[in-house]
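# Working through the structure, step by step
Residues per chain are reported as follows:
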Amino acid sequence: DAGVTQSPTHLIKTRGQHVTLRCSPISGHKSVSWYQQVLGQGPQFIFQYYEKEERGRGNFPDRFSARQFPNYSSELNVNALLLGDSALYLCASTREPHEQYFGPGTRLTVT
Amino acid sequence: LAKTTQPISMDSYEGQEVNITCSHNNIATNDYITWYQQFPSQGPRFIIQGYKTKVTNEVASLFIPADRKSSTLSLPRVSLSDTAVYYCLVGDGTAGNKLTFGGGTRVLVKP
């Protein structure tokens, strides 16, 4: 079975721009979570979606938003990019109830 | 969410067994314990998960004492490719399946 996939792999944006990151969960998994990992730190939880409903939100500003589609894939959107948004963005899908499997991540660089 | 404490780093040699202990004194009744491995610029990889006693899979063992206030990840006969950061997490699988990552343990396997 294919694992969690994310696109794009790498992305370079300018401050103030908007970005959309995409994630496809493992087949059969209905829950998707997003994490931000800044260099040298552990991943920080941003959102979780289950059956298209938001089930959890971390301590991130409203510039961050997400949604989940009927096929359980998901998008993370970030508006008005700041230099501090540069990070590895990770998507994880859940084999209920507890096991989360991560994708390879999208490396976002904001210049 | 229960906070975890793990050593910042550990060194080992090829072929040795590596044991990483994680403290989680305020673990809740419904919390599970999960360990992840992460290589630079990659997503965390699920290693093992348990609730109590001992769990073993093809790559690791997880020992959890009766009071569940700590857990030990055991990696048998490590190789150079096991050099990575290892994260211990606790969570109850609800509230959005939010995972709170700490700083992790940086394991260096030497030849």
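Below is a summary of the structure that appears in this document.

All names here are of chain A. Structurally, Ile-46 can be placed in strand E5 (residues 44-50). A sequence separation of 39 residues divides Ile-46 from Asp-85, and the C-alpha atoms of the two residues are 12 Å apart. Other than its neighbours up to four places away in sequence, Ile-46 contacts Trp-34, Tyr-35, Gln-36, Gly-56, Arg-57, Gly-58, Phe-60, Phe-64, Leu-76 and Tyr-89.

All names here are of chain B. A sheet is described by the order of its strands in space; here five strands give the open sequence E1-E9-E8-E3-E4, paired in mixed fashion. The strands lining the two open edges of the sheet, one partner per strand, are strand E1 (9-13) and strand E4 (45-50). Each adjacent strand pair in this sheet contributes to an overall mean axis angle of 25°, direction not counted. In this structure, E1 lies alongside strand E9 (residues 105-110), joined through five bridges in parallel fashion. Residue pairing across strands places Ser-9 opposite Arg-106, the latter belonging to E9.

This paragraph deals with the state of the cysteines. Summed over the entire model, instances satisfying the criterion amount to two disulfides over all chains. A sulfur-sulfur distance of 1.8 Å marks the disulfide that ties Cys23(A) to Cys91(A). Of note, the bridge from Cys23(A) to Cys91(A) carries an S-S torsion of about -65° and is left-handed in sense. In this pair, Cys23(A) sits in strand E3 (residues 19-24) while Cys91(A) sits in strand E9 (residues 87-95), placing the two residues 68 residues apart along the sequence. Accessibility expressed as a relative area gives 2% for Cys23(A), which makes it buried. The disulfide partner of Cys22(B) is Cys88(B), and the gap between their sulfur atoms is 2.2 Å.

It is worth spelling out the interface of chain A and chain B at this point. Listed per partner, the contact involves 24 residues of chain A and 19 residues of chain B. In total, about 1600 Å² of surface goes out of reach between chain A and chain B, with carbon and sulfur atoms giving 52% of it. On inspection of chain A and its partner chain B, the count reaches four residue pairs in polar contact (both at pLDDT 80 or more). Every element with two or more residues in the side of chain A that touches chain B is listed here: strand E4 (31-37), E5, strand E6 (53-57), E9 and strand E10 (99-102) of chain A.

Through backbone hydrogen bonds, the strands of a sheet pair up, either in parallel or in antiparallel fashion. Residue and element names in this part refer to chain A. Within the open sheet, the four strands sit side by side as E1-E3-E8-E7. Their pairing is antiparallel. The open sheet has two edge strands, strand E1 (5-7) and strand E7 (64-68), and neither has a second partner. Along the sheet, successive strands turn relative to each other by an average axial angle of 15°, direction set aside. Where E1 lies against E3, three bridges are found, and the strand directions are antiparallel. Note that in E3 the partner of Ser-7 across the bridge is Arg-22.

Time to look at the pattern of salt bridges. Residues and elements named next belong to chain A. Within the structure shown, the criterion is met by seven salt bridges over all chains. Salt-bridge contacts for Glu-99 lead to Arg-95; the nearest nitrogen and oxygen are separated by 2.6 Å. For Glu-99, a relative accessible area of 17% corresponds to the buried category. Relative accessible area serves as the criterion here: at 45%, Arg-95 is assigned to the partly exposed category. One network of salt bridges, in which partners are shared, links Arg-22, Arg-67 and Glu-75.

Rules of the game
Residues numbered from 1 in each chain as written. Chains lettered and ligands numbered in written order. Predicted model: local features only at pLDDT ≥ 70, side-chain atom pairs only at ≥ 80, totals over all residues. Heavy atoms only, no water. Helix = DSSP H or I, 4+ residues; strand = E, 2+ residues; numbered from the N terminus. Contact = heavy atoms within 4.5 Å. Pairing = 2+ DSSP bridges. Axes fitted to C-alpha atoms, helices over the stretch in contact; angles between N-to-C directions. Disulfide = S-S within 2.5 Å. Buried < 20%, exposed > 50% of the residue type's maximum accessible area, 1.4 Å probe, protein only. Buried area = accessible area lost by both parts, 1.4 Å probe. Polar contact = N/O pair within 3.5 Å; in protein donor to acceptor, adjacent residues only side chain to side chain. Salt bridge = Lys/Arg side-chain N within 4 Å of Asp/Glu carboxyl O.

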